Each structure stands twice: as C-alpha cells, then as structure tokens.
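The residues making up each chain are set out below.
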Amino acid sequence: MKRLVICFAILISVSVLWAQPTKKYAMVIHGGAGVMDQKNMTSEMQNEFIAVLNQVLQVGDSVLAHGGTCMDAVEQSIMVMEDSPLFNAGKGAVFTHDGIVELDASVMEGKSLKAGAIAAVRDIKNPIRVARAVMEKSEHVMLSGLGASQFAKEQGFEPVDNSYFYTEKRFQSLQELLKKEREATINDKHGTVGCVALDMFGNIAAGTSTGGMTNKKYGRIGDSPIIGAGTYANNETGGFSCTGHGEYYIRLGFSRDISALMEYKKITITEACQEEIRKLTDMGGTGGVIGLDKKGNIAMEFNTSGMFRGYINSNGEKQVAIFK
Ligand code: ASP
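As the structure is a computational prediction, the values presented were derived from the model and not from experiment.

Participant: Please explain the sheet that holds strand 1 (residues 26–34) as it appears in this structure.
Facilitator: Backbone-to-backbone hydrogen bonds join strands into a sheet, with any given pair of strands oriented parallel or antiparallel. If you walk across this open sheet you meet the 8 strands as 4-3-2-6-5-1-11-12, and the pairing is mixed. A strand with exactly one partner marks an edge of an open sheet, and here the two such strands are strand 4 (142–144) and strand 12 (318–323). Averaged over neighbouring strand pairs, the angle between their axes works out to 5° when direction is ignored. Taken together, the 5 bridges between strand 1 and strand 5 (residues 193–198) define a ladder with antiparallel strand orientation. Across the sheet, residue V28 finds its bridge partner in strand 5, namely V196.

Shown next as structure tokens:
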C-alpha cells in the first residue's frame, strides 16, 4: 500500500513538473516584404514603422511573459498591425481592381495541428480574430466571402463598412496601377503581416493577415489564408508566416515545405527557410518568411530589398529591422 502511495505521489509530481512552464518564450513578426529603397523611405516613415513594430513586440512579449499562450500572442500582435494604417492588413489593406478591400487571414496551432482561415471578406475589422474563431468554434478550416461574414456575425463580431478600410495611400496606389494599364492583373507590392510565437509551455502558433495584392481581380485569393502555403505551425519543427507574391507560395506549398525540409533533412530552421527562398527565387517569385523552432531559434529570410520584421525572446534579446 505504502509503495502504491509513493508511486502515485511520484506520478503526480512528474505530471505537475511536466506541465510546468519552462519560462522560455520567443516571438517573431513581419509586416511585409517588398521593394524598399532606403533612399525613398524618409526617416520619419521608417520611424513610424519601427515604432509600430516595437509596439507589436511589446504586446506579444507581455502576453508571453505572463504565461499567456502562443495563440493569444499571435492574435494580439497581429491585431496591432491590422489596426495600423501602415500595413497591408485590416485598416491599411490594399484595394482590389474594383476599388474595394477584401481580406484574408489564417492561424495554426503547432500542438494540435488545428487551423482556421478566412478569405475574401469585406466587413471584418480584425480578420485574424475570426480566423481563430473558425479554428476554435467551427468544424471547418477555411470560410470565405459572405459565408465567413455570416459566421463572424453569429460569433458576435460587429461588421464594419468597407469604407472603414479606405486609406488615401492605398487608393492612390490603385489609381497609379490602373493608370499604367498594366498587362498583369496584380503587382508586386507587399505589406502583409504575420507573427509566430513559442510560449512557456513549448507550444508554437503562427498567423498571417493581409489585404492581398493591389489591383487583384476575380475574387483572387493568395497564400496568406492557405494553411501550408502562407501559414504553418507544427511543434515538432516550427511555425512560419510568409509574405510575398502569393501565387508562388501556393505553388511551392511554401511553409509546409520548410517544415518538411526540417523534418526529413534534419536541417536548421534558417537553412530550411533559405533553401525555400532559393526555390522561390528560381521560380521568379519574391517575398520573405519568418519562423521559429521549438527551441526559440528565429529565422527571417527574404529575397527582396527589405522586409519589416522583428523578434523578441525571454533572454531579453530584441531586434527590429526594415532593410537587408
Ligand atoms: N502574400 C500576399 C498575397 O499574395 C501578399 C503579401 O504578402 O504582400 O496575397
């Protein structure tokens, strides 16, 4: 009997220890990759971006430092960027060819491999929140258009009018493109936002939110809401969020491929991200990716002249950068 009690006590303490947070956490963010000329971006502009990126890192850090989950950190960090007019997500989203805004977002949880996404929605202020609701409150992974809006309403999200997303800068970008009467239906300006977090419990989550690409037509949907293309998370390898010319990312199965490279080739997260970016370059695509692995190692790789990016971790390390 005594033995049984001792065994039981050991079992309890092992399981308590098992569930104990490690106190180690990390988070990495991006605010889009693209053609960024240091000369053409005023220092005021740079400072504005840096300030929001710092604010995002602070928000995520405070969630993770207080023992919050990686999914909470991802959601709250991305919301800050969705609410800023600076990024191509939420408030600052780019315009479609028809002069409206259509948003895409996705999240994934590395422990359960659960995921949620919405695509081509026109009336949702914070798409990342609804993507999470799809994951947690529906039996589906991806909802689109009017159906996604109906689901959001049923979940208690207040719709916003599409005019909420009007920003002069994005409107002028569309006008310029329309004026140029480009043959291509989409352009190469990026600005999507993304976040990957590792919490104290060793779990990884990733999320991405975007307005897509300026001048997009025909209900075009890019990689950002597609699990395995623009977003992927797996506790065994890492979490990833992409930004760039979505058509290439979809065709490469970009983020899932990075995870597979790590799993099968036993290479580091940076090596895997670099290898995938090489494939992107070889195909003629542009963009970037952020990721972190279960140890909190960070990767931020891109083949454009810049990517708004940053990371923070429990060792007190922090970095924010724009250009190469
Ligand atoms: N990947 C996004 C898309 O293709 C755009 C971006 O990252 O800027 O919709």
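Participant: What exactly am I supposed to notice about the nonpolar core here?
Facilitator: For soluble globular proteins, the rule of thumb is that nonpolar side chains tend to be buried together. Counting 56 residues, the largest nonpolar core has M27, I29, F87, I118 and F308 as the members making the most contacts within it. Look past the residues within four positions of F87 in its chain and what remains in contact with it is G31, F49, V52, L53, M81, G92, A93, R170, G191, V193 and F308. In terms of nonpolar packing, the next biggest core, distinct from the first, is built from 34 residues, C242, M262, I269 and L292 among them.

Participant: Looking at this model, I keep getting lost on the packing of aromatic side chains. Mind explaining?
Facilitator: What describes a pair of aromatic rings is the distance from one ring centre to the other and the angle between the planes of the rings. One pass over the structure, following the stated rule, counts 8 aromatic pairs. Where F49 meets F87, the ring centres are 5.4 Å apart and the plane angle is 75°; that geometry is what we call edge-to-face. A residue pair is termed long-range when its members are at least 10 positions apart, and F49 in helix 2 (residues 43–65) and F87 in the loop between helix 3 (70–83) and strand 2 (103–109) qualify at 38 residues. Of the two residues, F49 and F87, both sit in the buried class. Judged by centre distance (6.2 Å) and plane angle (90°), the ring pair of F87 and F308 falls under edge-to-face. Highlighted residues: F87 in the loop between helix 3 and strand 2 and F308 in strand 11 (residues 306–313), separated in sequence by 221 residues. Linked through ring pairs, F49, F87 and F308 together constitute an aromatic cluster.

Participant: Would you mind showing me how to read the pattern of salt bridges here?
Facilitator: Opposite charge on two side chains permits pairing when their charged atoms draw close. Inspection of the entire model under this criterion finds 10 salt bridges. A salt bridge links E102 to R122, with the shortest nitrogen-to-oxygen separation between them at 2.7 Å. One end of the pair, E102, is in the loop between helix 3 and strand 2; the other, R122, is in the loop between strand 3 (115–121) and helix 4 (127–137), with 20 residues separating them in the sequence. Judged by relative accessible area, R122 falls into the partly exposed class, the value being 44%. With a shortest N-O distance of 2.8 Å, E247 and R220 are connected by a salt bridge. Of this pair, E247 sits in helix 7 (residues 246–252) while R220 sits in the loop between strand 6 (204–210) and strand 7 (231–234); the two residues are 27 residues apart in sequence, bridging distant segments of the chain. Beyond isolated ion pairs, a larger network of salt bridges with shared partners links D72, E75, R129, R132 and E136.

Participant: Explanation requested: the packing of helix 3 against helix 4 in the structure shown.
Facilitator: Two packed helices can be described by the angle between their axes and the distance between those axes. Two elements in contact, helix 3 and helix 4, have axes whose closest approach is 8 Å; the angle formed by their N-to-C orientations is 150°. Regarding the angle of helix 3 to helix 4, the classification is roughly antiparallel. In this structure, helix 3 contributes M71, D72, E75, I78, M79 and E82 to the contact, and helix 4 contributes P127, I128, R129, R132 and M135. Of the residues contributing to the contact of helix 3 with helix 4, the split by class is 6 nonpolar, no polar and 5 charged.

Participant: Please explain the sheet that holds strand 10 (residues 298–302) as it appears in this structure.
Facilitator: Taken together, the 4 strands give an open sheet; going across it, the order is 7-8-9-10, and neighbouring strands pair in antiparallel fashion. Both outer strands of the open sheet, strand 7 and strand 10, are each paired with one neighbouring strand and no more. With direction set aside, neighbouring strand axes in the sheet form an average angle of 10°. The pairing of strand 7 with strand 8 (residues 238–244) spans 4 bridges and is classified as antiparallel. In the strand pairing of strand 8, T231 is matched with S241. Sheet strands touched by helix 8 (residues 254–265): strand 7, strand 8 and strand 9 (287–293). Its angle to strand 8, the strand with the most contacts, is close to 140°. Strands in contact with helix 9 (residues 269–283) are strand 8, strand 9 and strand 10; relative to strand 10, the strand with the most contacts, it is inclined by about 15°.

Participant: Even after reading the chapter, I still don't get the pairing of strand 3, so can you show me in this structure?
Facilitator: Burial runs high along strand 3: 7 of the 7 residues are buried. Where strand 2 hands over to strand 3, the hairpin turn is made up of 5 residues, of which L113 adopts a positive phi near 60°. Sheet topology places strand 3 next to strand 4; 3 bridges connect them, and they run parallel. Pairing of A119 across the sheet is with S144, part of strand 4.

Rules and cut-offs
Residues numbered from 1 in each chain as written. Predicted model: local features only at pLDDT ≥ 70, side-chain atom pairs only at ≥ 80, totals over all residues. Heavy atoms only, no water. Pairing = 2+ DSSP bridges. Helix = DSSP H or I, 4+ residues; strand = E, 2+ residues; numbered from the N terminus. Axes fitted to C-alpha atoms, helices over the stretch in contact; angles between N-to-C directions. Core = buried A, V, L, I, M, F, W, Y, C linked by side-chain atoms within 4.5 Å. Buried < 20%, exposed > 50% of the residue type's maximum accessible area, 1.4 Å probe, protein only. Contact = heavy atoms within 4.5 Å. Phe/Tyr/Trp six-rings, centres within 6.5 Å; stacked < 30°, edge-to-face > 60°. Salt bridge = Lys/Arg side-chain N within 4 Å of Asp/Glu carboxyl O. Parallel < 35°, antiparallel > 145°, perpendicular 65-115°, else oblique. Nonpolar A, V, L, I, M, F, W, Y, C, P; charged D, E, K, R; others polar.

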